[in-house]
Amino acid sequence: MNLLRLQKVFFVYIFFFLSKLILHFRGGDGMRKGTLRQILLITDGCSNQGESPIEAAALLFEYGIVVNVIGIIPEQDCNHHELREIEEIASAGGGISEIVYAKQLSHTVQMVTRKAMKQTIQGFVNKELQQILGEGKYTEDLPPEQRGQVLEVVEEISESADLEVFILIDTSASMQDKLEPIKEALLDLQLSLHARMGYQEFALGVFPGKGKAVELLIDWTTKLNALTKVFTQLRLSGVTPTGPALRETREYFRQKRSFRDRVKDEEQHREKYGL
């Protein structure tokens, strides 16, 4: 096979790959639309109760839920063990970690959420590309023109794909003076993401909960207007059961998906029988 023919075959592969990527995240051709699912964990310390949060994050990633972590540190000193755990949770969860002062939260929350969307799509891209180009090949290995096309599609999908973010906030006693900056940062996040073309929903939980790992304060919604009210009702605790909280959060995604599937089935039934 001559070089020109090889190039043509390669370009056809890339064309079908990009088509598959778009179908996965936009839906169409009988495919269910892909959704980017994230947990945004905001904490200021190490887990000190229950299972390993690193193992819990790895399990969530296996289920297609990315775990991002923002660690809030004091401006005077910080615990290196806590910083390492924050990084390891995000790494195991396929997400991004950032260590910040409370006053930097607003910009960081927006940046982490958007960066994680692109990272998730890029991970899907690299997995598919390896089936075409072989093991160990990534977007960077494509010729410049095709690489540019792939990156353009990644950028477009990150703005148009559906997004679900479960915000999980540590309410241990040391978080008392950080709650107001967190509230403001989350309101800014909603405004920032409002410009996206894709549909997005948020839920908010705190840990530890009352008699369980997570207390759901705001169920899945497109708006976080209730933030101000729920933040005034928060009760702080002395423990930080990060691992159990992460594991329990998966149930909120699972329940949401089950409900959506039932609604979709009912809509298809009504459409089929003209009800």
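Refer to the structure presented above.
Predicted model, so just to flag it, every value in this text is computed and none were measured. (Residues numbered from 1 in each chain as written. Predicted model: local features only at pLDDT ≥ 70, side-chain atom pairs only at ≥ 80, totals over all residues. Heavy atoms only, no water.)

A. Molecular detail of helix α2 (residues 53–62). Among the residues making up α2, those that are buried are P53, A56, A57 and L60. Down the axis of α2, the buried side of the element spans an arc of 100°, and every buried residue falls inside it. Exposed and facing more than 90 degrees away from the buried side of α2 are E55 and E62. At the N-terminal boundary of α2, the capping side chain belongs to S52, with an oxygen 3.2 Å from the backbone nitrogen of I54. A positive backbone phi angle near 85° is found at G64, which sits one or two residues after α2. (Buried < 20%, exposed > 50% of the residue type's maximum accessible area, 1.4 Å probe, protein only. Helix = DSSP H or I, 4+ residues; strand = E, 2+ residues; numbered from the N terminus. Arc of directions from axis to C-beta. Polar contact = N/O pair within 3.5 Å; in protein donor to acceptor, adjacent residues only side chain to side chain.)

B. Structural detail: the nonpolar core. Ranked by internal contacts, the top residues of the largest apolar core, which has 40 residues, are I167, I169, I182, L186, L204 and F231. Elements with a contribution of two residues or more to this core: β1 (35–43), β2 (66–72), α4 (105–133), α5 (144–160), β4 (162–170), α6 (179–193), β5 (200–207) and α7 (227–231). Per-element tally for this core: the top contributor is α4, with seven residues. With residues up to four places along the chain from it excluded, the contact list for I182 reads I42, I72, L105, I169, M175 and F231. Ranked by size, the runner-up nonpolar core spans 22 residues in total, among them I39, A57, I86 and Y252. (Core = buried A, V, L, I, M, F, W, Y, C linked by side-chain atoms within 4.5 Å. Contact = heavy atoms within 4.5 Å.)

C. Seen up close, the pairing of β2. Most of β2 is tucked away, with seven of its seven residues classed as buried. Where burial is concerned, the two faces of β2 agree: the one with V66, N68, I70 and I72 and the one with V67, V69 and G71 are both buried. As judged from the six bridges shared by β1 and β2, these two strands associate in the parallel manner. In the sheet register, I39 faces β2, and the bridge partner there is V67. Where β2 lies against strand β3 (residues 97–100), four bridges are found, and the strand directions are parallel. Considered in β3, the bridge of V69 is made with S97. (Pairing = 2+ DSSP bridges.)

D. Local environment of unusual backbone geometry. With an omega of 0°, the peptide bond between F207 and P208 qualifies as cis. Position of P208 relative to the elements: it lies in the loop between β5 and β6 (215–221).

E. Molecular detail of the sheet that holds β6. An order of β3-β2-β1-β4-β5-β6 is seen for the six strands of this open sheet, with the pairing classed as mixed. At either end of the open sheet lies a strand with only one pairing partner, and these are β3 and β6. Strand-to-strand twist of the sheet, defined as the mean angle between neighbouring strand axes without regard to direction, takes the value 15°. By the bridge criterion, eight bridges tie β1 to β4 in an arrangement that is parallel. Looking at the pairing, I39 lines up with F166 of β4. Together, β1, β2, β4 and β5 form the strand contacts of α6, whose direction differs from that of β5 by roughly 165°. (Axes fitted to C-alpha atoms, helices over the stretch in contact; angles between N-to-C directions.)

F. Quick peek at α5. The end-to-end C-alpha distance of α5 is 24 Å, a good match for the 24 Å that 17 residues give at a rise of 1.5 Å each. Among all positions in α5, only Q146, V150, V153, V154, I157, S158 and S160 are buried. (Expected span 1.5 Å × (residues − 1).)

G. Up close: the packing of α2 against helix α3 (residues 80–92). Running from amino to carboxyl end, α2 crosses α3 at an angle of 20°, the nearest separation of the two axes being 7 Å. Between α2 and α3, the interaxial angle falls into the category roughly parallel. Seen from above, α2 lies across α3 with right-handed handedness. In contact with P53, I54, A57, A58 and F61 of α2, α3 contributes E85, E88, I89 and A92. A class-by-class count of the residues in the contact of α2 with α3 yields seven nonpolar, no polar and two charged. (Parallel < 35°, antiparallel > 145°, perpendicular 65-115°, else oblique. Left-handed = near helix turned anticlockwise from the far one by under 90°. Nonpolar A, V, L, I, M, F, W, Y, C, P; charged D, E, K, R; others polar.)

H. Up close: the environment of K212. Position of K212 relative to the elements: it lies in the loop between β5 and β6. Taking the C-alpha atoms as reference points, K212 and P244, separated by 32 residues in sequence, lie 9.0 Å from one another.

I. Just the packing of aromatic side chains, in detail. One pass over the full model with this rule turns up four aromatic pairs. Plain terms: the ring middles of F166 and W220 are 6.1 Å apart, the flat faces sit at 70° to each other, and that makes the pair edge-to-face. Of this pair, F166 sits in strand β4 while W220 sits in strand β6, and the two are 54 residues apart along the sequence. Each member of the pair, F166 as well as W220, carries the same accessibility label: buried. Between the aromatic rings of F166 and F253, the centroid separation amounts to 6.4 Å while the plane-to-plane angle is 50°, which identifies the pairing as tilted. Residue F166 is found in strand β4, and its partner F253 is found in helix α8 (residues 242–273); the two are separated by 87 residues along the sequence. Note on F166: relative accessible area 0%, which makes it buried. According to the relative accessible area criterion, F253 is buried, its value standing at 4%. Through successive ring pairs, a cluster of aromatic residues spans F166, W220, Y252 and F253. R250 extends its terminal NZ or CZ atom over the ring of Y63, reaching a point 3.5 Å from the ring centre. Sitting above the plane of the W220 ring, K256 keeps its charged end 5.5 Å from the centroid. (Phe/Tyr/Trp six-rings, centres within 6.5 Å; stacked < 30°, edge-to-face > 60°. Lys NZ or Arg CZ within 6 Å of the ring centre and 35° of its normal.)

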